[in-house]
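Working through the structure, step by step
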Amino acid sequence: MGQQQVAERSVRVVIVDDHSIFRSGLKADLDASIEVVGEAQDVESAVRVVTATAPDVVLLDVHLPDGAVAADAATAVAAAPSGGAAVIGQAAPLVPGTRFLALSVSDSAEDVVGVIRAGARGYITKGSSGIDVSRAVHAVAGGDAVFSPRLAGFVLDAFGVVSGEVASTDEELDRLSVREQEVMRLIARGYAYKEVASELFISPKTVETHVSAVLRKLQLSSRHELTAWATARKLL
Amino acid sequence: MATGVSAGLATHLGWPVGVVRAIFVVLALFSGLGILLYFWFWAFMPFEVATSESDTVTRSAPVGWGLVVLSALAAGLALYLGRNNYYYEAWPFAEVAPPLLAAIALAVAASFWVTFVDRIDPERGRRTEKLVRTAVTVVLGVLVISVLFGPFAAQRSIYAIVYALLLLLGIALVFAPVLLRLWRELGAERTRRVREEQRSEIAAHLHDSVLQTLALIQNRAGASSEVARIARAQERELRSWLFEADAPADSDLATDLRDWAAALELDYPVRVDVVVVGESGERASGEIAAAAREAMLNAARHAGGEVSVYIEGTAHAVEVFVRDRGPGFAVADVAADRLGVRESIIGRMRRAGGSATVGVGAGGTGTEVRLRFGAPLTNGAKPAASAEQTTQNGATTGG
């Protein structure tokens, strides 16, 4: 996996996490094609660093202490938007070329959907190896979305796939097309993009297109279940 | 013997039941004191906390209603006396006051009794409470009306006003238990909320510190090392404790397979990802659960590494995919005396009326076991399923 790593040009990355051990560990683990140009430990400094360096990718912890409203941190798990979403909300308009990749403790939907809807291009769990993170960084830098099985499962649930809902046009935001459903199902079953491609007899690039389309729907859909789900957990 | 008073007392004092009974009998013979004492205990002895048996005790006599009847009798007496003294003075104090006060006292007693004693009694509870309270209110209300507007209202004396005030006070007292209870419940609610807040505070703190550290440990220790596995198990445990405290204890298929995955991760160098889509009424005890567990165990034992479990449940059907990235195998190659896959997965599903296929995973690596139970697939799911058929080289058994 590692050797065929793209050596085109180095990707500039900012790491945002409130644990310095994690930041330094991750920095050491990322492969040579990734250049860490900045670090930050809370929302305020993250926005500052990101706008100053305008990196390709921001590796963003979902749960960040919100410097200013530290007193409110008591209810941080239930309350939102989580620090990560706040960073995207504040920094993204200032650096349009930057993509955000969320890092979370787990890949449970609770942790992730908020940042995805805020604009992250995907997420990866903190338990992932340096190789996985590097690969995800490259994928995101290249404009692709990074989906995990569990997020795919959540998407299938949220878009009513199980009850047989199918989008009639590609433009429809609240339902998935047949192809998108197939791709999501296979990802949920633990298939990598390449395996999904060979399974469905399509090119990996097409798989990525489908995944990006799903990500866009996930971000933009006003589907009742999705928003209700998110508000119930105070993610929006 | 009749009401369990002796037995209760004996338990309380640690004496044999016989001794307690004998004491009651002796006391009763001497002065009747025993009988009085017995009734006293009977009325006020707390119920034994209901244990495993279905001993939800009901006091055999309806004390609340008894008090209501007594109160009504006293009220009737007061009315009778008030009426009879027509020639002297309306509602003479000396004669009317005692039964009137008794009626009020009994009414209030009835109200308190049903609220604080009978309420925990399942046979009576709220309904009785309401009825009794209404009854005594009616009794006192009738008294108020007869005192103020009855046939002798014309000769209304200062006493009538006093009686009316007393009666109204009595009615207020009848409803006092309700307020008291509401007050108590409010307090309990407040306590609950404070606890809830504290809990989420702790959860937030643990989330920001311990869970992060556990993730870090997993990251640094390498995916399938011992340390990482322990950290992962810990993380899972803590997470479920923090966020799923209210989850139903009832075990469905998804919960069961998640628990099973956690157990496997402890025993084998494996990382099991369980993804659940849709709601399924499938029970954990069902055949599909047993077959899925077997498939997961095989994956953990023979393949290790990353194992993906995907459960999709609809109202009519449930499907489980177990996929690993191990060396893989074909059912045909397995020796006939090895019954693992053939019997415990494929055979089991077939006997249960479902189907199971064991095939090579995507990209030619690993094994994928697919279990299906219930009605045929809907159109939405079909293309993926048929595409999968093409890669299968294992035995396929249908139901």
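Going by what an unreviewed UniProt entry lists, chain B is known as Phage shock protein PspC N-terminal domain-containing protein and is assigned to Microterricola pindariensis.

If you look chain A up in an unreviewed UniProt entry, it shows as DNA-binding response regulator, NarL/FixJ family, contains REC and HTH domains from Microterricola viridarii.

With respect to the overall build of chain B
On a plain count of helices and strands, chain B comes out with 12 helices and 6 strands. Counting every position in chain B, which comprises 399 residues, the buried fraction comes to 32%. Long-range contacts, defined here as pairs at least 24 residues apart, represent 68% of the contacts in chain B between residues at least 6 apart.

Describing the nonpolar core
One finds A:Leu101, B:Met296 and B:Val309 to be the most contacted residues of the largest nonpolar core, which totals 117 residues. Per-element tally for this core: the top contributor is helix H10 (residues 287-303) of chain B, with 9 residues. Setting aside residues up to four positions removed in sequence, B:Val309 forms contacts with B:Leu257, B:Ala261, B:Val272, B:Asp273, B:Val274, B:Val275, B:Met296, B:Val320 and B:Val322. Counting 28 residues, the second-largest nonpolar core is a separate cluster that includes B:Leu67, B:Ala75, B:Ala107 and B:Val132.

Points about the confidence of the model for chain B
The predicted coordinates should not be examined in detail at positions where pLDDT is low. Residue and element names in this part refer to chain B. Mean pLDDT over chain B: 73, with 67% of residues reaching 70 or higher. Taken element by element, the predicted model of chain B shows its lowest mean pLDDT in strand S6 (residues 396-397) (36) and its highest in strand S3 (residues 317-324) (86). Counting contacts from residues 48-56, a segment whose pLDDT is below 50, to residues more than four positions away or on other chains yields 5 contacts. pLDDT under 50 marks residues 377-399. Its contacts with residues more than four places away, or in other chains, come to 42 contacts. Interface scoring of the predicted complex returns ipTM 0.74; its pTM is 0.60.

Some words on the pairing of strand S4 (residues 99-104) of chain A
Residue and element names in this part refer to chain A. S4 sits mainly inside the fold: 6 of its 6 residues count as buried. Residue alternation in S4 divides its side chains into two sets, Arg99, Leu101 and Leu103 and Phe100, Ala102 and Ser104, and both sets are buried. The pairing of strand S3 (residues 57-61) with S4 spans 5 bridges and is classified as parallel. Bridging from a neighbouring strand, valine 57 pairs with arginine 99 of S4. Where S4 lies against strand S5 (residues 123-125), 3 bridges are found, and the strand directions are parallel.

A look at the packing of helix H2 (residues 43-53) of chain A against helix H3 (residues 83-91) of chain A
Residue and element names in this part refer to chain A. At a minimum axis distance of 9 Å, the contact between H2 and H3 shows a crossing angle of 35°. Considering how the two elements wind past one another, H2 and H3 form a crossing that is right-handed. Of the residues in H3, those in contact with Val43, Ala46, Val47, Val50 and Thr51 of H2 are Gly83, Ala86, Val87, Gln90 and Ala91. Taken together, the residues of the contact of H2 with H3 break down into 7 nonpolar, 3 polar and no charged.

Some words on helix H9 (residues 253-267) of chain B
All names here are of chain B. Relative to the 21 Å expected for 15 residues at 1.5 Å per residue, H9 spans 21 Å between its end C-alpha atoms, a close match to the ideal helical length. Residues of H9 that are buried include every one of Leu253, Ala254, Leu257, Trp260, Ala261 and Glu265, and no others. Looking down the long axis of H9, one finds its buried residues gathered within 140° of arc, a one-sided arrangement. Residues of H9 that are exposed and point over 90 degrees away from its buried face: Leu266 and Asp267.

A few points about the pairing of strand S1 (residues 11-16) of chain A
Residues and elements named next belong to chain A. With 5 of 6 residues buried, S1 lies mostly within the body of the structure. Across 6 bridges, S1 lies against strand S2 (residues 34-40) in parallel orientation. Bridging from a neighbouring strand, isoleucine 15 pairs with glutamate 39 of S2. Taken together, S1, helix H1 (residues 20-29) and S2 form a β-α-β motif whose crossover is right-handed.

Description of the environment of B:Leu148
Residues and elements named next belong to chain B. Of note, leucine 148 is situated in helix H6 (residues 125-149). You can call leucine 148 partly exposed: it has 14 C-beta atoms within 10 Å. For the pair leucine 148 and alanine 160, spaced 12 residues apart in sequence, the C-alpha to C-alpha distance is 6.6 Å.

A look at the sheet that holds S3(A)
Residue and element names in this part refer to chain A. Ordered in space as S2-S1-S3-S4-S5, the 5 strands form an open sheet in which the pairing is parallel. Two strands in the sheet have a free side with no partner beyond their single neighbour: S2 and S5. Strand-to-strand twist across the sheet, computed as the mean angle between neighbouring axes with direction ignored, equals 25°. Strands S1, S2 and S3 of the sheet are contacted by H2, whose axis makes an angle of about 140° with S2.

Considerations on the packing of H9(B) against H10(B)
Residue and element names in this part refer to chain B. At a minimum axis separation of 10 Å, H9 and H10 run at an interaxial angle of 25°. Judged by the angle between their axes, H9 and H10 are roughly parallel. With respect to the hand of their crossing, H9 and H10 are arranged in right-handed fashion. Mapping the contact onto sequence places Leu253, Asp256, Leu257, Trp260, Ala261 and Leu264 in H9 and Ile288, Ala289, Ala292, Arg293, Met296, Leu297 and Ala300 in H10.

Looking at unusual backbone geometry
Residues and elements named next belong to chain A. Of note, alanine 54 is a non-glycine position whose phi angle comes to about 45°, a positive value. Considering the arrangement of structural elements, one finds alanine 54 in the loop between H2 and S3. Phi is positive for phenylalanine 201, close to 55°, though the residue is something other than glycine.

A closer look at the confidence of the model for chain A
Residue and element names in this part refer to chain A. Taken as a whole, chain A shows an average pLDDT of 77; of its residues, 78% reach a score of 70 or greater. The least confident element of chain A, judged by mean pLDDT, is helix H10 (residues 224-232) at 57; the most confident is S1 at 90. Low confidence marks residues 1-7, where pLDDT is under 50. Its contacts with residues over four positions away, or in another chain, come to 10 contacts. When the criterion is pLDDT under 50, residues 68-80 qualifies, and its contacts beyond four places in sequence or with other chains add up to 22 contacts.

Each value, and the rule that gives it
- Residues numbered from 1 in each chain as written.
- Chains lettered and ligands numbered in written order.
- Predicted model: local features only at pLDDT ≥ 70, side-chain atom pairs only at ≥ 80, totals over all residues.
- Helix = DSSP H or I, 4+ residues; strand = E, 2+ residues; numbered from the N terminus.
- Buried ≥ 20, exposed ≤ 12 C-beta atoms within 10 Å, placed from the backbone.
- Contact = placed C-beta atoms within 7 Å.
- Core = buried A, V, L, I, M, F, W, Y, C linked by C-beta atoms within 7 Å.
- pLDDT = per-residue confidence, 0-100.
- Pairing = 2+ DSSP bridges.
- Axes fitted to C-alpha atoms, helices over the stretch in contact; angles between N-to-C directions.
- Left-handed = near helix turned anticlockwise from the far one by under 90°.
- Nonpolar A, V, L, I, M, F, W, Y, C, P; charged D, E, K, R; others polar.
- Expected span 1.5 Å × (residues − 1).
- Arc of directions from axis to C-beta.
- Right-handed = clockwise from strand over helix to strand, strands pointing away.
- Parallel < 35°, antiparallel > 145°, perpendicular 65-115°, else oblique.

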